[in-house]
Amino acid sequence: MKFTLSWLREHLDTTASLTEITDALTRIGLELEGVTDRGAALAPFRIAHVVEAVQHPNADRLRACKVDAGDGKLISVVCGAPNAHTGMKAVFAAAGSFIPGTGITLKVGEIRGVQSAGMLLSLREMGLGEDHDGIVELPADAPVGTPYAEWAKLSDPVIDISVTPNRGDALSVRGVARDLAAAGIGTLKPWSAPAVPAVFASPVRWDVQSPTCQWVLGRTVRGVKNEPSPQWLADRLTAIGLRPINALVDITNFFTFDLGRPLHVFDADKLQGGVLTMRPGAGETFLALNNKEYTVAAEDCVIADTAGVQSLAGVIGATATGSEADTTSVFIECALFDPIRVALTGRRHQIVSDARQRFERGIDPALLPDAIEAATRMVIELCGGEASEVVSAGAEPAWQRIATLRFERLAGLGGLDVPGDEAVASLETLGFGVVARDAVSVTVSVPSWRNDVAANTELDPGPGLDAGRAAAAAKGRAAVEAEADLVEEVLRLKGLDAVPPVSMSVLGPVPQATLTARQIRTALARRTLAAQGLTECVSFSFLAQAQAALFAPTDPALTLANPIAADLDQLRPTPVASLAIAAARNAARGFADVALCEVGAAFLGVACDAQPTVAAGLRAGSTPRSWIAPSRHVDAMDAKADALAVLVALGVPMEALSVAAGGPGFYHPGRCGTVRQGPKTVLATFGELHPRVLAGLDANGPMVACEVFLDAIPEPKRRRKSVPDLPAFMPLRRDFAFLVDAAVTAEAVLKAARGAERTLIAGVALFDAYEGDKVEAGKKSLAVEVTFQPRERTLTDAEIEAVCAKVAAAVEKATGGRLR
Amino acid sequence: MTDDLLDLKDRTEAALSAAADLRAWDAIRVGVLGKNGSLTALLKELGKVAPEQRRERGAALNRLKDDLAAAIEARRSTLEAAALDAKLAAERMDVTLPPRPVQPGLIHPISRTMEKMATIFGAMGFAVAEGPDIESDWHNFGALNIPAHHPARADHDTFYLPPSAPGAAPPVLRTHTSPVQARAMLERGLPFRVVAPGRTYRADHDATHSPMFHQIEGLALGRDITLGHLKGCLIDFLRTFFGISNLPVRFRSSYFPFTEPSMEVDIGWNRKTGELGGGGDWLEILGSGMVHPKVLANCGIDPSVWQGFAFGMGVERVTMLKHGIPDLRPFYDSDIRWLRHYGFNPLAAAMLHEGV
């Protein structure tokens, strides 16, 4: 909210400097957004009388002037402006002053033999505009010697604060003044609204048929002349960014900011039927004062006459009955509306207005009678005329509340020991009234304008919360909430910097583990992928629906209702999608060969357990070119290695895993695999991206990727390791090459070999796979190295031969493979 | 030693010195010690020597044999060493060639910051808590004292998903990490201290706002935790995180629906240079406060018994400040050049004993 320093001083008697005031505002929670002090830069400039302006003896385009800046001494100034003339009033800058428009500090100098000890200024030189055709010429009655900024009303700083949603009362200059006074910055000036005598019966009456309106006052003033506002009012509104319109409208704006009391004035002569009704909207359309049309519904409260909607209650008026230059009779509305309903109506119609902003935060419910008197008085003062009686409907709601503060809680909750007397004094300057007081506590009445204190709004207990637990919690809340409000008020005014910081108590000599087993897995997966050479990305969780659809059928439940951009509207089915898009983007920048990873959510549904954490890796393009080994395209085995590296790092026993062909549809159907633990649990997938996916992303291949489903990995068993197997005998290694059908998987051969003689075979490793013209068509050669580990004695040649035969037989039985 | 033996010794030693390679050396060895070698012949002839001289001659011959064997062996070592030197000299490689390429991977600055945060808060007794990105309206708003009509909702720029049924409150992408507070209060035994780093979302996109960003939430509940502890905890964290032991920290009264009293926290910096610590300017860095009694009650905790503090901090903002990263948008762009510039070694994890 913006206001000027002079406006603040109307309500606050203070000698504090601007900086003291703005520092206090920030400290007490009315955070300073900024100060515009146009006068500060203009402070050295005074109004001067150009006593003489003659042709410069040595320069055609210059004038030699004698200037009186108020003290009667004549100062010699050389001026280049064509409009400098004898007798004019101008703005003078003495030597030593800084010129904002040019960034130069003036010095006494000599220009072609004539002394120049100052400067006559243009608007541009003062930083007030672009006009540089000549120096500023002021009216003849401008007072010589007076600071220009003061005379031009530019010396009044504009203070802008941000008001938090709980502080409707601080959306008024008087509310701000009250807070400052309570914080020790001066005293709040008294304010009263003497009654304006009523001289006739109001021709307009109220009828309330909507729960939105709790109480409303109205008053007709007839015989007004609606001219432009006087300068002081226009200046104030202009300073805070409002456009003066006419006196009647400006008066309502004035009260909105001065007292936080929105008002509306209807042109009484344009109202039809003599009754203004507050009622639910009925689908009518009206033209509002912002020149937009709105259609009102039953949830909205409107103010209507017999001709139709004349105002959207608490939000905006209609043009039809607005006051204009020819208005001679007005009906002033001063109402109390339900904050929630006004908020919802405003949001539904997307209207942001000063009135809505105040009504939805809650206005002072006790101020209505005084406010209508003050408004009537100002209307008559500025526009003339005479006032009717006050007409009303509804009634003042019971807003009175009390709250108790145990002084001990200031330290017990707030951490600051404040003496009881000081706390009470603070509350009293804020307008709280002492109802009861003893040594340890005080009970106060809450002022009408503090809707946020002891508000006792409804709880919203968690769904499924145990009833007993909820009831105990609700009881505890009723006991302490208002007290917390008061603790906040006292601390706020004291300044939170006064609270001594206390380090957290130590829970034990050594802190407990910070991460859960699952969180450690996530961290380890991230580090493992990076150690594999993948660079971690953090991508948006949403992407374009069309791109998401390349990876999985898109679920409409995961389409954003209000995306910020068309290409960020669908939650991603897998982080692989984000990485593929990132790789394509890097390729477009000239970096086609990248290896990326991301550990983040995949979105499979809305439920909590449908947002699993996935460690994803993606490699694109080729391996680096090197003189040692040729560059090659990345392939599915690179992705498989990444996936397995994560699983190994997370302690998944490799012998418990199986790899089967096939995987999600975004992979090349023939070049992808799924890693399972047991028959069902899918731990990982890997493969080459489907060419259709690459085409859809406008990306060049190849790209290979893997996903590891971290939530699916079982907690590693906390078992002690068994004693290691360290036989005394040398292991023995033999190679076997099997000719098998092309469809036989490596895993089948390895499994069969491993199982041929479990006590002796310690390991089987595949070291060659060959398909080509050296074997018959439809076949392939798979070569494995089998490690035999004797345990009791060295094997004889005959025994070795026998076990090798077993291996060959087992593989042949399982796969039909023959030794080559 | 007789003249013939001395002569043999001299000849052999001269020949060994002259042998340039192992082949020549072997010829000498065979010529002296071989089956038909000159020394072997002398030994064979020993029987023919007169018995009274035999003993002396035998001893001299044996001595000569030992001497010559040693000389031959020594020459072999020398020649072998020379041969190896020559071989190795021929095997010279250009060591300035690049090695096999290894592509190092890196950790994103956001992850690194969140690790550091967990480490520091962990040392203060906090555990890491989590919650889902897609949240219910209650967890994101209702539990936190932000009812549907609350003006604060307008500030949140919430992303909505389609409601599960007509009229039901639509699920939201969490606008802050605060819903994890509600989850922790419902699920954990008191007292507890948790921090919750994670992704958050707001429908806002410009130079300084991203539709997705990260926050860390903190929540400490106990019987006697005061605003003083909140200040102490945050000062301790900020000074450790930024590595500035006298970092100025300022606390301003503010408002959040879910805390009371509420405060915003500023740190001292120089607006012009971006340097932290001095400079006389203040930079808002996080929001915090004592947990509102309504929030405790909504989550089934009796606020007349339990109290504590909560805070929320932007992860990107402190990351940018700590590392002097000027622009927010590249965090999410996955530009490999940016990632290589700002990324972190995965093996240098954030650990207390290595300093954070």
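Residues numbered from 1 in each chain as written. Chains lettered and ligands numbered in written order. Predicted model: local features only at pLDDT ≥ 70, side-chain atom pairs only at ≥ 80, totals over all residues. Heavy atoms only, no water.

Student: Report on the packing of helix α7 (residues 247-258) of chain A against helix α10 (residues 368-383) of chain A, specifying residues and quantitative values.
Tutor: Residues and elements named next belong to chain A. Packing of α7 against α10 brings their axes to within 10 Å, and their N-to-C directions diverge by 145°. Once α7 is placed against α10, the crossing between them reads as right-handed. Two secondary-structure elements touch here, α7 through A247, L248, I251, F254 and F255 and α10 through A374, A375, M378, V379, L382 and C383. The class makeup of the residues in the contact of α7 with α10 is eleven nonpolar, no polar and no charged. (Axes fitted to C-alpha atoms, helices over the stretch in contact; angles between N-to-C directions. Helix = DSSP H or I, 4+ residues; strand = E, 2+ residues; numbered from the N terminus. Left-handed = near helix turned anticlockwise from the far one by under 90°. Contact = heavy atoms within 4.5 Å. Nonpolar A, V, L, I, M, F, W, Y, C, P; charged D, E, K, R; others polar.)

Student: So what's going on with a nonpolar patch on the surface? Which residues, and what values?
Tutor: Taken together, the side chains of W627(A), M93(B), V95(B) and L97(B) present a nonpolar region at the surface, about 440 Å² in accessible area. Examined against the element boundaries, V95(B) turns out to sit in the loop between α4 (51-90) and α5 (109-123). (Patch = residues over 30% accessible without salt bridge, like charges linked within 9 Å, V, L, I, M, F, W, Y side chains within 5 Å. Areas by Shrake-Rupley, 256 points an atom, 1.4 Å probe, with all protein chains shown as cover. Salt bridge = Lys/Arg side-chain N within 4 Å of Asp/Glu carboxyl O.)

Student: Tell me about the interface of chain B and chain A, and please be specific about residues and values.
Tutor: Opposite the 102 residues of chain B that make contact, chain A presents 102 residues. In this assembly, chain B and chain A are joined by seven salt bridges. Between R585(A) and D333(B) there is a salt bridge; the shortest N-O distance is 3.3 Å. On inspection of chain B and its partner chain A, the count reaches 46 residue pairs in polar contact (both at pLDDT 80 or more). Top element by residues in the side of chain B that touches chain A is helix α9 (residues 227-242) of chain B. It accounts for eight residues. Looking at the side of chain B that touches chain A residue by residue, the class counts come to 55 nonpolar, 26 polar and 21 charged. (Polar contact = N/O pair within 3.5 Å; in protein donor to acceptor, adjacent residues only side chain to side chain.)

Student: Give me the packing of aromatic side chains: which residues, what numbers.
Tutor: Enumeration over the complete set of coordinates arrives at 24 aromatic pairs over all chains. Relative to F666(A), the ring of F551(A) lies with its centre 5.4 Å away and its plane at 50°, an arrangement referred to as tilted. Here F666(A) lies in the loop between β34 (657-661) and β35 (667-677) and F551(A) lies in the loop between α15 (545-549) and β31 (570-571), a separation of 115 residues in the sequence. Considered together, F551(A) and F666(A) belong to a single accessibility category, that of buried residues. With a centroid separation of 5.4 Å and an interplanar angle of 25°, the aromatic rings of F237(B) and F241(B) are classed as stacked. Taken together, the residues span about one helical turn, with F237(B) and F241(B) both in helix α9 at a distance of four residues. Joined through ring pairs, the aromatic side chains of F540(A), F542(A), F159(B), Y201(B), F331(B), Y332(B), W338(B) and Y342(B) make up one cluster. Over the ring of W449(A) we find R178(A), and its NZ or CZ is 3.7 Å from the ring centre. Directly above the aromatic system of F200(A) lies the positively charged group of R222(A), at a separation of 3.8 Å from the ring centroid. (Phe/Tyr/Trp six-rings, centres within 6.5 Å; stacked < 30°, edge-to-face > 60°. Buried < 20%, exposed > 50% of the residue type's maximum accessible area, 1.4 Å probe, protein only. Lys NZ or Arg CZ within 6 Å of the ring centre and 35° of its normal.)

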